[in-house]
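Examining the three-dimensional arrangement
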Amino acid sequence: MGLQPLEFSDCYLDSPWFRERIRAHEAELERTNKFIKELIKDGKNLIAATKSLSAAQRKFAHSLRDFKFEFIGDAETDDERCIDASLREFSNFLKNLEEQREIMALSVTETLIKPLEKFRKEQLGAVKEEKKKFDKETERNYSLIDKHLNLSAKKKDSHLQEADIQVEQNRQHFYELSLEYVCKLQEIQERKKFEFVEPMLSFFQGMFTFYHQGHELAKDFNHYKMELQINIQNTRNRFEGTRSEVEELMNKIRQNPKDHKRASQFTAEGYLYVQEKRPAPFGSSWVKHYCMYRKAAKKFNIIPFEHRSGGKLGDGEVFFLKECTKRHTDSIDRRFCFDVEAADRPGAALTMQAFSEDERKQWLEALGGKEALLHSFNRAIVPRPEGSAQLDKMGFTILRKCISAVETRGINDQGLYRVVGVSSKVQRLLSMLMDVKTCNEVDLENSVDWEVKTITSALKQYLRSLPEPLMTYELHGDFIVPAKSGSPESRVNAIHFLVHKLPEKNKEMLDILVKHLTNVSNHSKQNLMTVANLGVVFGPTLMRPQEETVAAIMDLKFQNIVVEILIENHEKIFRTLPDATFPEPVSLSTSPPNAPPRQSKRQGQRTKRPVAVYNLCLELEDGDSANLSKEDTPTGNLDSLSSPSPTTAAVHGPPGPDKNHLLADGGSFGDWASPVPCQTRSPMVQWLNTQSPTTPSCSPVVTPPSPKPPPSPLSLPAAMVDKPLESVVNRKARAVYPCEAEHSSELSFEIGAIFEDVQTSREPGWLEGTLNGKRGLIPQNYVKLL
């Protein structure tokens, strides 16, 4: 049973049971007071803990932003650039989340702590004051009654009457105070039900708002997360292919290191111990040097280097060789020694010691000394042994038979070309196909003796067995260049041009194969072989460098991109002729500037605003949101790096709105391309470096955290570059560049269009204006204010 009600009539009786009920009410209020006091204390601790968590999250976000991945080689793939930029995206996400958490922490103070403190002070504190008065008046009333009753009856009547009046007045005052106290007790018991709980409701509403905004940020982040998963999967697939190639090369070098020495500009190079003579009492010392010799110039470089001291590099020395003489053990108490005399130091010979007799003989040969060996010391490229496979009529027959069988029997097989056949069966099938006598007898389309994976493996093995890769050693480097740089369009144009430089047979066979791979990729929903997957499989098959090195293997990922471009653009590359000349750079007058970065809803970037407000300055229609159906969810690497990637597109023109969040901070293509002087670049590099966007778009490119657009390789007028946007109200503006909107919140317009009622937008770098009755966003650097 709850507290018993306090009847006002009981105030006049003031019975023991009435007093018990009052004490019960007072005990309940004291318990409430202690609870609220503890709750306020816990709330303040919660705020402090929230601030500590926010500080830790911000520090974590700052650490993410400061880290940058290094890569091996001279360029990154688009996937790798997106992965590199992902840490900044994660940092921005946490930063946005912590901004909302700070708002929540402030709301806790305003909505919970202060109202509770006010209720405790004004309401419960007032009841305490009333209790003190009531207790004091009770003591005074009953003391006066005791004193009055002890009056002697012999007192004068007037004195007794005066005492009776005084007692009665005091009793009336006590009754009134008792009535007020009883009323206050019952009032506060009822008032606490809403004045205490209402702040709690506000507190939880603030928490719900925070979690809802976290949910909104997660939704905004979802599209980027999906694309990043594809980037990661593509990179992992390329890593697996690269790792197997590296391990294979390592094993080859381990078995026969001399056959895999890299080509070098030096006739001979390696470590030698050089004798350094000292004054007579101290004898001499032997110091290890790294020595390099060019035979044509007779130039000898020696650099002291000691591995044990942490790899300290000493000051080098250069001299020109005059002659080299072998030292015998009867003239020096060390093995493997020879003397080298410098042309500019007549009579002063250096004594050097090789690591072994074989190495000494090689140095003697390179330096023109005695006992030269028959084999050359110079590190030449070891040619690959020619296989029996040839690019002839038989080869085309093998290719067509295998392709026909695959498209007839296994075009929908999962993992087509990735699942390998049994090695012995593959070799047996390939031997039969390459034998003129048995080739026509092999029926691949109807025979159950040969599995599809055996046929695909035999096809790949045939291509690998060619004496030269299908895309040739000569053009290998040229094919790699566009995959490393340039816009998506320039990549396609460059590879289109190079394919038509291939020998006719190579181009014909490549056409047949790529057409087949295009058909395979069209069935990727069934066979899971997307363009990117096929690039991983056929990159090393169709392209390989003449010299096997780790640096060349690091370029495998770019070989994959070349194959992806061939598959995605088969019709254009093989059915049309390329431009006869390299295209000229696009002039400034025809190239609009990059649109300013926008805080896209998909990006999760929001301006600071009160809790529970989510609208941007202009709402997007439902059609603008990124809706991914279940069947569109990636099961692997569903994207291709040869497609216009967000990072690359941002260099030469703004991408579509769904891809605008993968761009790393700042930097155009010119920021990461190798700074080679123009006169020393290959024609392909020069061509790529002059590519500009052909279709301008004002779709925003988000480049967190910098509010500036990516730097353009073109020189824009000073008035249009890095100029802060002043407040604009009710102005007119004229378009100086055309723009095609890719959001419903933006305006499309041609050069010369006049905008009415132009104002500064909340979106940095954008204006709001009206054109033909429609109001929307306008990129500030596309218009001129009138």
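The rules behind these values
Residues numbered from 1 in each chain as written. Predicted model: local features only at pLDDT ≥ 70, side-chain atom pairs only at ≥ 80, totals over all residues. Heavy atoms only, no water. Helix = DSSP H or I, 4+ residues; strand = E, 2+ residues; numbered from the N terminus. Buried < 20%, exposed > 50% of the residue type's maximum accessible area, 1.4 Å probe, protein only. Contact = heavy atoms within 4.5 Å. Areas by Shrake-Rupley, 256 points an atom, 1.4 Å probe, with all protein chains shown as cover. Salt bridge = Lys/Arg side-chain N within 4 Å of Asp/Glu carboxyl O. Pairing = 2+ DSSP bridges. Core = buried A, V, L, I, M, F, W, Y, C linked by side-chain atoms within 4.5 Å. Axes fitted to C-alpha atoms, helices over the stretch in contact; angles between N-to-C directions. Phe/Tyr/Trp six-rings, centres within 6.5 Å; stacked < 30°, edge-to-face > 60°. Disulfide = S-S within 2.5 Å. Polar contact = N/O pair within 3.5 Å; in protein donor to acceptor, adjacent residues only side chain to side chain. Parallel < 35°, antiparallel > 145°, perpendicular 65-115°, else oblique. Nonpolar A, V, L, I, M, F, W, Y, C, P; charged D, E, K, R; others polar. Left-handed = near helix turned anticlockwise from the far one by under 90°. pLDDT = per-residue confidence, 0-100.

What follows concerns the overall build of the protein chain. Regarding its fold elements, the protein chain presents 21 helices and 12 strands. Per-residue burial for the protein chain yields a buried fraction of 45% across its 786 residues. Pairs at least 24 residues apart make up 71% of the contacts formed inside the protein chain by residues separated by at least 6 positions. When the accessible surface of the protein chain is summed, it comes to about 41,700 Å², and 54% of that surface belongs to carbon and sulfur atoms.

Take unusual backbone geometry next. Here the phi dihedral of K298 falls at roughly 55°; this positive angle occurs in a residue that is not glycine. Following the sequence through the fold, K298 ends up in the loop between β2 (284-294) and β3 (299-306). A positive phi angle is found at N772, which is not glycine, with a value near 55°. Mapping N772 onto the fold places it in the loop between β10 (766-771) and β11 (774-779). On the basis of relative accessibility, which here comes to 78%, the residue N772 falls in the exposed class.

What follows deals with the pattern of salt bridges. Counted by the stated rule, this structure contains 34 salt bridges. We note a salt bridge from K44 to E117, for which the minimum N-O separation is 3.3 Å. Taken together, the residues K44 in helix α2 (residues 16-66) and E117 in helix α3 (residues 78-149) connect sequence positions 73 residues apart. For K44, a relative accessible area of 44% puts it in the partly exposed group. The exposure class assigned to E117 is partly exposed, which follows from its relative accessible area of 31%. Within this structure, K184, E187, R191 and E195 form a network of salt bridges that share partners.

This part is about the pairing of strand β1 (residues 268-277). Bridging between β1 and β2 involves 10 bridges; their strand directions are antiparallel. What sits directly across from A268, in β2, is Y293. As judged from the 2 bridges shared by β1 and strand β7 (residues 349-353), these two strands associate in the antiparallel manner. Residue Y273 lies in a different strand from β7, and its bridge partner there is Q353.

This part covers the nonpolar core. Within the largest apolar cluster, 62 residues are counted, with the highest numbers of intra-cluster contacts made by F479 and L542. Each residue touching L542, except ones within four places of it in the same chain, is listed here: L463, P469, L470, M471, L510, L513 and V563. By size, the runner-up hydrophobic cluster in this structure holds 26 residues, among which are I36, V108, V127 and F203.

Here the focus is the sheet that holds strand β12 (residues 783-785). Ordered in space as β11-β10-β9-β8-β12, the 5 strands form an open sheet in which the pairing is antiparallel. Each end of this open sheet is capped by a strand with a single partner; those strands are β11 and β12. Each strand of the sheet is rotated relative to its neighbour by a mean of 40°, with strand direction disregarded.

For the structure shown, the criterion picks out 21 aromatic pairs. With centroids separated by 4.8 Å and ring planes inclined at 20°, the aromatic side chains of F134 and Y181 adopt a geometry described as stacked. Placement of the pair is F134 in helix α3 and Y181 in helix α4 (residues 157-195), with a sequence separation of 47 residues. Assigned by exposure class, F134 and Y181 land together as buried. With a centroid separation of 6.2 Å and an interplanar angle of 45°, the aromatic rings of F204 and F208 are classed as tilted. Linking F204 with F208, this pair stays in helix α5 (residues 197-255), spanning 4 residues, or about one helical turn. By relative accessible area, which is 36% here, F204 ends up partly exposed.

Here we take up the pairing of β2. Sheet topology places β2 next to β3; 6 bridges connect them, and they run antiparallel. Directly across from R294, in β3, lies its bridge partner K299. Between β2 and β3, which follow one another and run antiparallel, lie 4 residues, and K298 among them has a positive phi close to 55°.

Simply put, disulfide is the name for a covalent bond between the sulfur atoms of two cysteines. Enumeration over the complete set of coordinates arrives at 0 disulfides. C439 takes part in no disulfide bond, and the closest cysteine sulfur, belonging to C402, lies 9.0 Å away. Exposure remark for C439: the relative accessible area of 1% places this residue in the buried category.

By the secondary structure assignment, S490 is in helix α12 (residues 488-499). Owing to a relative accessible area of 0%, S490 belongs among the buried residues under this scheme. Within the structure, S490 has its side chain in polar contact with the backbone oxygen of S487 (distance 2.8 Å).

In the contact formed by α3 and α5, the axes pass within 10 Å of each other and the chain directions differ by 175°. The pairing of α3 with α5 is recorded here as roughly antiparallel in orientation. Residues belonging to the contact of α3 with α5 are distributed by class as follows: 22 nonpolar, 11 polar and 5 charged.

Running from N to C, α5 and helix α17 (residues 556-568) point in directions that differ by 125°, and their axes come no closer than 9 Å. In this view, α5 runs oblique relative to α17, as classed from their interaxial angle. Our pair here, α5 against α17, has a crossing hand that is right-handed. Of α17, the residues touching α5 (which contributes R238, G241, T242 and E245) are L556, K557, N560, I561 and E564.

Scored by pLDDT, the protein chain comes out at a mean of 76, with 77% of its residues at no less than 70. Mean pLDDT values for the elements of the protein chain range from 33 in helix α20 (residues 669-672) up to 94 in helix α13 (residues 504-522). Note that residues 372-387 has pLDDT below 50 and, in this model, 34 contacts with residues that lie over four places away or in other chains. A low-confidence stretch, residues 583-725 (pLDDT under 50), is modelled with 315 contacts involving residues beyond four sequence positions or located in other chains.

Turning our attention to helix α11 (residues 476-484). Where burial is concerned, most of α11 is hidden: 7 out of the 9 residues are buried. The set of residues buried in α11 consists of H476, F479, I480, V481, P482, A483 and K484. Downstream of α11 by a residue or two, G486 has a phi angle that is positive, lying close to 90°.

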